[in-house]
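# What the coordinates show
The residues making up each chain are set out below.
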Amino acid sequence: MNQKSAQGMKRNLTEGSVGWHLVNLTLPMIWGVFAVIGFTVADTYFVGQLGTKPLAAMSFTFPVVMGLGNLAMGLGVGASSVIALAIGTGDRHKVQRLTTDSLILALLTVGISVIIGLATIDPLFTLLGAPPDLLPLIRDYMEIWYIGIVFMVVPIVGNSALRAAGNTKAPSIIMTVSGGINIILDPMLIFGFGPFPRMEIQGAALTTVISLAITLIASVVFLHYGEEMISWQIPRFKEVIVSWKNILHVGLPAAAANMVVPVSVGFITNAISAYGKEAVAAFGIASRVESFALIVFIALGSIIGPFVGQNWGANKRDRVHRALYLSFLFCVLWGCVNAAIIAAFAPHIATAFDRNPEVIAIAATYLTFIPISYGGYGVILIASATFNALGKPIPSLTITIIRSLLLYVPLAYLGSCFFGLNGIFAASFVGNIAVGIGSFIWTQKTCNLSLVPGH
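Remember, predicted model here, so these are calculated numbers, not experimental data.

### Some thoughts on the side chain of Arg 403
- Here Arg 403 shows up in helix 16 (residues 393–419).
- Buried charge without a salt bridge: Arg 403, with Glu 290 as the nearest opposite-charge side chain at an N-O distance of 6.2 Å.

What follows is the structure, encoded as structure tokens:
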């Protein structure tokens, strides 16, 4: 790798205005995350036009789809952490080796996941509370989705490597193109416009697979030609093992943390299923809208890791402190604005997805109150990304376990007993606020973060 390539790859995150870097890195990611979540919202919207039953069936797939996506993101977090630290220390050969080996590891993970997934569709979704009449629809969706999982996992890891190099524009472009293709093909394959057959819920799955295939190709092209981060040399087996060990040191706890979330969502979906298909459909709508509302937090969380990693690797701790102070302050302020906007339009948002009055009422209730806690969730994302970037994944895993399994799930079942469906929703609110405060305190102590800007 020549000197010019190395300088471009580093993106100078260890120099210049901290605030400007955060804005410059986050803005492209906002659009990229917007595109990805936009196409999941589009899936929900178009499938919702088929009726409450198909919408409920797809809502049952959320925990599994989220689980495998989060597994891939865990590997991406591990790759991003070690790559950013390697960039910060200037070890260019190690950057190439880690990037390449992370992609190989992702491919192996895909193969295992597909085999297990296809063999467990009916028992797994029965366990999640899906009634027998929804299983055929769920099977139609997941059989196609599982086959295309390779197109999801590899780009997630590849885009994490690009972000570690400070390049958020390329992942944003990749995600935007993918989202655009998905939104265009969704109505064609679901409803059968023009030469396309009417595939209904299978069409939604196939559209997702096609759009993700585009991201795989684009991600590899950017990594190889744009950043020169891929090594085509056959490595020594011992060298690959060392890379995988470094990646998995952060990646396994990060993946475990990410897997905890869909597991908890699975428990919550099961609890909500006791209130009928309308409640599950409403929760599906609210979850999709919630993902959309959290875009800015997700984008900021995805870039804070590379920024912290490069500057920590270069031993510029004051820049890390400044970045965390600005990020936490932003989460609180933007969380308040976000909540006010969503609460004002909650019923109208729900109506856009389903005309069933019961579904609208339940979704609107969720969207009126839960967004108040989004600022706390943003703090959790920033804290988790910071710990992973520092090569300390256990605190991040602990935060997730406390929020999802020790607070959210038990409080949801307790709330259901005393307050019904609203008690389940309230558990999410309590978990976000309580763990958000705890995450801030833990990060402050770990990084010696001052509450006074510039100190």
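### Structural notes on the pattern of salt bridges
- Within the structure shown, the criterion is met by 5 salt bridges.
- We note a salt bridge from Glu 200 to Arg 198, for which the minimum N-O separation is 3.0 Å.
- Linked through salt bridges whose partners overlap, the residues forming this network are Lys 53, Asp 133 and Lys 277.

### Some points on the environment of Ile 174
- Here Ile 174 is to be found in helix 8 (residues 169–191).
- Take Ile 174: its relative accessible area is 3%, and that puts it in the buried class.
- Expressed as a C-alpha distance, the spacing of Ile 174 and Ile 104, which sit 70 residues apart in the sequence, is 20 Å.

### Structural notes on unusual backbone geometry
- The backbone of Glu 200 shows a phi angle near 55 degrees, a positive value even though the residue is not glycine.
- Position of Glu 200 relative to the elements: it lies in the loop between helix 8 and helix 9 (201–226).

### Notes on the packing of helix 4 (residues 92–119) against helix 7 (residues 150–164)
- Where helix 4 meets helix 7, the closest approach of the two axes is 9 Å, and the angle between their N-to-C directions is 160 degrees. Compared by their axis directions, helix 4 and helix 7 come out roughly antiparallel. Considering how the two elements wind past one another, helix 4 and helix 7 form a crossing that is right-handed. Contacts from Thr 99, Ser 102, Leu 103, Ala 106, Leu 107 and Val 110 of helix 4 reach helix 7 at Val 150, Val 153, Val 154, Val 157, Gly 158 and Ala 161.
- Across the contact of helix 4 with helix 7, the residue classes tally to 9 nonpolar, 3 polar and no charged.

### Let's talk about the packing of aromatic side chains
- For the structure shown, the criterion picks out 10 aromatic pairs.
- A centroid spacing of 6.2 Å and a plane angle of 75 degrees characterise the contact between Phe 46 and Phe 191, whose relative ring orientation is edge-to-face. Residue Phe 46 is located in helix 2 (residues 18–48), and its partner Phe 191 is located in helix 8; the two are separated by 145 residues in the primary sequence. Like Phe 46, the residue Phe 191 is buried in the burial classification.
- An aromatic cluster is built from Tyr 45, Phe 46, Phe 191 and Phe 193, whose rings are joined through pairwise contacts.

### Regarding the nonpolar core
- In this structure, Ile 83, Phe 125, Met 142 and Ile 272 are the most contacted members of the largest nonpolar core, which totals 129 residues.
- Counting residues per element, this core draws most heavily on helix 3 (residues 52–89), at 16 residues.
- Excluding its chain neighbours within four sequence positions, the residues that come into contact with Phe 125 are Phe 60, Thr 61, Val 64, Ala 130, Leu 135, Ile 138 and Met 142.

Rules and cut-offs
- Residues numbered from 1 in each chain as written.
- Predicted model: local features only at pLDDT ≥ 70, side-chain atom pairs only at ≥ 80, totals over all residues.
- Heavy atoms only, no water.
- Helix = DSSP H or I, 4+ residues; strand = E, 2+ residues; numbered from the N terminus.
- Buried < 20%, exposed > 50% of the residue type's maximum accessible area, 1.4 Å probe, protein only.
- Lys, Arg positive; Asp, Glu negative; His and termini not counted.
- Salt bridge = Lys/Arg side-chain N within 4 Å of Asp/Glu carboxyl O.
- Axes fitted to C-alpha atoms, helices over the stretch in contact; angles between N-to-C directions.
- Parallel < 35°, antiparallel > 145°, perpendicular 65-115°, else oblique.
- Left-handed = near helix turned anticlockwise from the far one by under 90°.
- Contact = heavy atoms within 4.5 Å.
- Nonpolar A, V, L, I, M, F, W, Y, C, P; charged D, E, K, R; others polar.
- Phe/Tyr/Trp six-rings, centres within 6.5 Å; stacked < 30°, edge-to-face > 60°.
- Core = buried A, V, L, I, M, F, W, Y, C linked by side-chain atoms within 4.5 Å.

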